[in-house]
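# Results of the structural survey
This is what each chain is made of:
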Amino acid sequence: MMEISEFAKNITQEHTQVVPISLFVAILCLCLIVGHLLEENRWVNESITAILIGCVSGIIILSITKWKSSHILRFDEELFFIYLLPPIIFNAGFQVKKKQFFHNFLTIMMFGVIGVFISVSIITVGSWWLFPKLGFMGLSIRDYLALGTIFSSTDTVCTLQILNQDETPLLYSLVFGEGVVNDATSVVLFNAVQKIDVRELNGKAALRIFRDFLYLFSTSTILGVTAGLLTALVLKTLYFGNYITDHFPLFVNRHTFAMMSFIAETFIFLYVGMDAFDIEKWRMSKLSFVTSLGVYSALILMILLGRAAFVFPLSLLSNYMNSHRSPSISFNHQVVIWWAGLMRGAVSIALAFKQVCFCSLRMVVAISFSCKIGGMWFAESIITWLVKFTYSGVTSDPDSATMITATIIIVLFTTLVFGFLTRPLVKYLLPHPQHATNNSCREPKSPNEDMNLPLLSFDESTATNLLRAKDSLSMLLDRPVYTIHSFWRRFDDTYMRPVFGGPDSNQSQC
């Protein structure tokens with residue numbers, strides 16, 4: 001009897017997560033069904049649907065557990081960065097029209113990199129100046145910088161679901177491209193901020209942050225490009241392409257990544273809705289209702305100002321740099337780009353949890369050193385306990401709890417309120433979209449450009465090559481963005497595609 005009882009106990013412990021996971025999957029399926037039924041609704045999209053169902057589910061679970069917890073599962077930011085974010089990025093890569101994306105690459109990088117630095121600066125300085133006046137004190141300089149990166153991460157899903165890249169190719173590529181680069185920049189900048197020493201804040205510290213950012217950003221890009229090229233070379237050399245296509249068609253089907261991306265995004269917003277009613281976080285925050293409302297309002301105001309501070313000036317700069325581009329970034333397009341970046345989503349939630357974890361670790365280390373008791377065993381034990389406590393969705397620090405609740409409120413407010421208004425705003429600003437023709441993705445060919453000629457030819461005379469170089473330099477000075485894109489296409493057709501595979505750029509789709 002003892003053995004049977006022990007066996008039953010082990011079975012019960014091993015399957016404790018079966019019911020919560022099954023229930024969460026059922027709610028996730030409900031979100032997918034309701035989102036599909038409301039697909040043509042003017043006001044509601046899939047993100048808002050998932051948040052609302054999450055809120056309702058959280059209230060029901062909270063009442064069942066007698067106001068102890070609103071969760072079925074607990075959020076782990078590593079789950080997001082490792083398992084949920086990649087399908088979203090992969091799907092974005094499959095869906096984008098590459099020619100439009102790379103033709104507007106410099107503008108996208110200005111929005112996604114320079115814009116993030118401007119937004120982080122405004123939110124950081126604004127928080128540092130306003131929060132003590134509102135009664136929210138106790139944050140360090142590192143916390144203010146982390147807040148700047150957390151609330152500079154955008155979520156453009158709501159707007160992208162409404163825009164059509166065939167009707168407004170320039171606008172779609174800018175909104176989409178900025179969203180991808182913005183997420184990467186925010187995550188890398190957040191990790192760089194965590195390395196600074198708050199005791200030595202000066203010009204050198206700012207340079208170190210920028211250096212760490214460049215290092216992380218460049219190494220991540222190089223690793224991604226290297227992995228992609230090696231994969232392409234292996235598939236081309238060993239003829240794996242046909243085998244994978246025949247035996248594992250799901251791996252090369254863009255609809256599979258679209259489905260995975262949709263499920264991942266729905267999962268995230270569903271969890272955010274449930275997390276809004278986590279009583280334990282709200283109990284840990286010691287701010288009054290009026291102070292909390294002031295903090296939330298200040299953050300929303302700084303998000304609005306941070307977006308406007310770079311979208312409109314950088315759009316004017318882009319129009320000046322690309323004076324030959326048709327069409328240019330109109331004022332209505334600028335408003336849509338500004339509005340598209342006001343929503344905050346899963347990346348902000350993940351970074352907020354990560355910041356709380358870092359704060360908890362630093363607090364425990366400080367306590368262990370100041371007390372000087374218990375030795376290494378005490379420090380490791382309490383750090384392990386506090387990390388688990390933080391990862392379970394709860395924090396023992398009131399300031400950290402306030403950061404979590406503020407992030408949840410901002411995500412809810414921006415997604416629901418701004419998300420509700422996105423569709424009518426876009427319809428108002430873009431009332432008569434111009435439908436793209438079959439040649440919409442084709443760029444006008446310069447009279448000085450011959451795509452069939454290599455960049456340099458050893459079969460021609462030096463004078464001919466110098467003349468071609470002179471013409472290319474004139475094109476670069478006259479139309480820099482178009483010329484760089486043109487050079488890349490020629491280099492890709494001449495050297496890259498013969499080695500790594502792929503159709504000629506003139507034959508490939510946009």
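We now turn to the structure provided with this report. For clarity, every value in this text was computed on a predicted model and none was experimentally measured. (Residues numbered from 1 in each chain as written. Predicted model: local features only at pLDDT ≥ 70, side-chain atom pairs only at ≥ 80, totals over all residues. Heavy atoms only, no water.)

Moving on, we get to the overall build of the chain. Counting secondary structure elements, the chain contains 20 helices and 0 strands. Scored against the burial criterion, the 510 residues of the chain give a buried share of 45%. Sequence separation of at least 24 residues holds for 82% of the intrachain contacts in the chain that already meet a minimum separation of 6. For the chain, the accessible area works out to roughly 27,100 Å², and carbon and sulfur atoms hold 68% of it. (Helix = DSSP H or I, 4+ residues; strand = E, 2+ residues; numbered from the N terminus. Buried < 20%, exposed > 50% of the residue type's maximum accessible area, 1.4 Å probe, protein only. Contact = heavy atoms within 4.5 Å. Areas by Shrake-Rupley, 256 points an atom, 1.4 Å probe, with all protein chains shown as cover.)

This part covers the pattern of salt bridges. A complete count under the given rule lists 2 salt bridges for this structure. Between R307 and E178 there is a salt bridge, and its shortest N-O distance comes to 2.5 Å. Note that R307 is positioned in helix 14 (residues 289-321) and E178 in helix 9 (residues 169-193), a separation of 129 residues in sequence. What makes R307 buried here is its relative accessible area of 1%. For E178, a relative accessible area of 2% corresponds to the buried category. For D212, the salt bridge is made with R211, and the minimal N-O distance between the two is 3.6 Å. (Salt bridge = Lys/Arg side-chain N within 4 Å of Asp/Glu carboxyl O.)

Using the criterion set out here, one finds 12 aromatic pairs in the structure. Summarising the aromatic geometry, the rings of F117 and F210 are spaced 6.0 Å apart at their centres and angled 65° between planes, so their arrangement reads as edge-to-face. Here F117, found in helix 6 (residues 105-134), pairs with F210, found in helix 10 (residues 203-237); they are 93 residues apart in sequence, far enough to count as distant. A relative accessible area of 39% means that F210 is categorised as partly exposed. Of the aromatic side chains, those joined through ring pairs into one cluster are F117, F210, F213 and F217. (Phe/Tyr/Trp six-rings, centres within 6.5 Å; stacked < 30°, edge-to-face > 60°.)

What follows deals with helix 9. One turn of an α-helix holds 3.6 residues; hence residues three or four places apart share an orientation. When the terminal C-alpha atoms of helix 9 are compared, their 35 Å separation across 25 residues agrees well with the 36 Å that a helix rising 1.5 Å per residue should span. Here helix 9 lies mainly inside the structure; 21 of its 25 residues are buried. (Expected span 1.5 Å × (residues − 1).)

What follows concerns the nonpolar core. Counting residues in hydrophobic clusters, the biggest one holds 103 residues, and the most contacted among them are F80, F131, F151, L270, L299 and I337. With 13 residues, the top contributor of residues to this core is helix 9. When sequence neighbours within four positions are dropped, the list of residues in contact with F131 reads G126, F136, L139, Y144, L147, V295, A298, L299 and M302. (Core = buried A, V, L, I, M, F, W, Y, C linked by side-chain atoms within 4.5 Å.)

Direction vectors running N to C along helix 9 and helix 15 (residues 331-340) enclose 25°, while the axes themselves pass 10 Å from each other. One element, helix 9, and the other, helix 15, form an angle in the roughly parallel class. Helix 15 is crossed by helix 9, and the crossing has right-handed handedness. Residues L171, L174, V175 and E178 of helix 9 form the contact with helix 15, whose participating residues are H333, V336, I337 and A340. Each residue belonging to the contact of helix 9 with helix 15 can be placed in one class, and the counts come to 6 nonpolar, 1 polar and 1 charged. (Axes fitted to C-alpha atoms, helices over the stretch in contact; angles between N-to-C directions. Parallel < 35°, antiparallel > 145°, perpendicular 65-115°, else oblique. Left-handed = near helix turned anticlockwise from the far one by under 90°. Nonpolar A, V, L, I, M, F, W, Y, C, P; charged D, E, K, R; others polar.)

Mapped onto the elements, L160 comes out in helix 8 (residues 157-160). Given the relative accessible area of 18%, L160 is considered buried. For the pair formed by L160 and G179, sequence separation is 19 residues and the distance between their alpha carbons is 9.8 Å. Apart from the residues lying within four places of it in its own chain, the contact partners of L160 are Y172, V175 and F176.

Turning our eyes to something else, we now look at a nonpolar patch on the surface. On the surface, F102, F105, L106, L317, Y320, M321 and I484 cluster together to form a nonpolar patch covering roughly 660 Å² of accessible area. It is helix 14 that contributes the most residues to the nonpolar patch, 3 residues altogether. The class for I484 is partly exposed, based on a relative accessible area of 46%. (Patch = residues over 30% accessible without salt bridge, like charges linked within 9 Å, V, L, I, M, F, W, Y side chains within 5 Å.)

With that settled, consider the side chain of T407. Along the polypeptide, T407 turns up in helix 18 (residues 398-429). What T407 contacts, discounting residues up to four positions off in sequence, is I150, F151, S348, I349 and A352.

In this structure the tally under the stated criterion is 0 disulfides. Left without a disulfide partner, C29 is nearest to the cysteine sulfur of C31, which lies 9.2 Å away. Classification of C29 by relative accessible area gives partly exposed; the value is 37%. (Disulfide = S-S within 2.5 Å.)

This next bit is on the environment of L304. Relative to the elements of secondary structure, L304 occurs in helix 14. Under the relative-accessibility criterion, L304 is labelled partly exposed at 24%. Expressed as a C-alpha distance, the spacing of L304 and W338, which sit 34 residues apart in the sequence, is 8.4 Å.

We now examine helix 2 (residues 18-37). The end-to-end C-alpha distance of helix 2, which contains 20 residues, comes to 29 Å, matching closely the 28 Å that a straight helix rising 1.5 Å per residue would cover. P20, F24, I27, L28, C31 and G35 are the residues of helix 2 that are buried. Along the long axis of helix 2, the arc covered by the buried residues comes to 105°, so they all point the same way. Turned more than 90 degrees from where helix 2 packs its buried face, V19, I33, H36 and L37 sit exposed. (Arc of directions from axis to C-beta.)

We now examine the packing of helix 15 against helix 18. The geometry of helix 15 relative to helix 18 is characterised by a closest axis approach of 11 Å and an angle of 170° between their N-to-C directions. One way to sum up the angle between helix 15 and helix 18 is to call them roughly antiparallel. Seen from helix 15, the contacting residues are N332, V335, V336 and W339; seen from helix 18, they are F418, L421, T422, L425 and L429. Tallied by class, the residues present in the contact of helix 15 with helix 18 amount to 7 nonpolar, 2 polar and no charged.

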